[in-house]
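The chain contents come next:
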Amino acid sequence: MAHWLIKSEPVKWSWEQQVAAGAKGTHWDGVKNHTAKLNLMAMKQGDQVFFYHSNEGLEVVGIVEVIKEAYIWIPGEPWVLVDFKAVKPLPKPVTLAQVKAEPKLAKMSLVTSFRLSVQPVTDEEWALVCKMGGL
């Protein structure tokens, strides 16, 4: 199983809205970057993903799970969707400032590729962010 991080602006789609979508989950759309698209296409059903609030909050707030792998949403367009369902919130959201302050996370994509909306997360980074978040 791989780990990932997806970013969402809370005013467009918040953690609370993701939770409200329930077990049926929702699709992740709006990705118009080829690197992010390739990351979406690499996701497999069951992969665990950090849900990150961007622009407001700048923090990892929860964990979602891939429930449907990448699929085309507009025929003829190169972009894909992936469906996610909420798994659990982090008891203590982990801020970008906390991630940047942790030397063991210096190479995390959240630090090195901050603008990328869909990012891989290593097993070590996953474990440390979970620990920082109270899991």
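Preceding this paragraph is the structure being described.
First things first, this report covers the structure right here in the doc.

## Quick word on the environment of Glu-69
Of note, Glu-69 is situated in strand 4 (residues 59-72). In this structure Glu-69 comes out as partly exposed when scored by relative accessible area, which is 34%. Separated by 50 residues in sequence, Glu-69 and Gln-119 have C-alpha atoms that sit 16 Å apart.

## Here's the deal with the nonpolar core
If you look at the biggest cluster of nonpolar residues, it comprises 18 residues, and the most contacted ones within it are Ile-6, Leu-40, Met-43, Phe-84 and Val-118. Looking at this core, the elements with two or more residues in it are strand 1 (3-8), helix 2 (34-42), strand 3 (48-53), strand 4 and strand 5 (80-95). Contact partners of Met-43, with chain neighbours within four places excluded, come to Trp-4, Ile-6, Val-66, Glu-69, Val-82, Phe-84 and Val-118. The next biggest cluster of nonpolar side chains, apart from the first, holds 17 residues, and it includes Val-60, Val-99, Trp-126 and Val-129.

## Notes on helix 2
Taken as a whole, helix 2 has its buried residues at Ala-36, Lys-37, Asn-39 and Leu-40. Viewed end-on, helix 2 has its buried residues packed into an arc of 160°, placing them on one side of the element. Against the buried residues of helix 2 lie strand 1, strand 4, strand 5 and strand 6 (118-121). The opening residue of helix 2 is Asn-33, an N-cap whose side-chain oxygen sits 2.8 Å from the backbone nitrogen of Thr-35.

## Considering the pairing of strand 3
Along strand 3, six of the six residues are buried, which leaves the element largely enclosed by surrounding structure. Neither face of strand 3 is exposed, since Gln-48, Phe-50 and Tyr-52 on one face and Val-49, Phe-51 and His-53 on the opposite face are all buried. Pairing geometry for strand 1 and strand 3, over six bridges, is parallel. Considered in strand 3, the bridge of Ile-6 is made with Phe-51. Pairing of strand 3 with strand 4, which is carried by six bridges, proceeds in the antiparallel orientation. Across the sheet, the residue bridging to Phe-50 is Ile-63, located in strand 4.

Cut-offs and rules
- Residues numbered from 1 in each chain as written.
- Predicted model: local features only at pLDDT ≥ 70, side-chain atom pairs only at ≥ 80, totals over all residues.
- Heavy atoms only, no water.
- Helix = DSSP H or I, 4+ residues; strand = E, 2+ residues; numbered from the N terminus.
- Buried < 20%, exposed > 50% of the residue type's maximum accessible area, 1.4 Å probe, protein only.
- Core = buried A, V, L, I, M, F, W, Y, C linked by side-chain atoms within 4.5 Å.
- Contact = heavy atoms within 4.5 Å.
- Arc of directions from axis to C-beta.
- Polar contact = N/O pair within 3.5 Å; in protein donor to acceptor, adjacent residues only side chain to side chain.
- Pairing = 2+ DSSP bridges.

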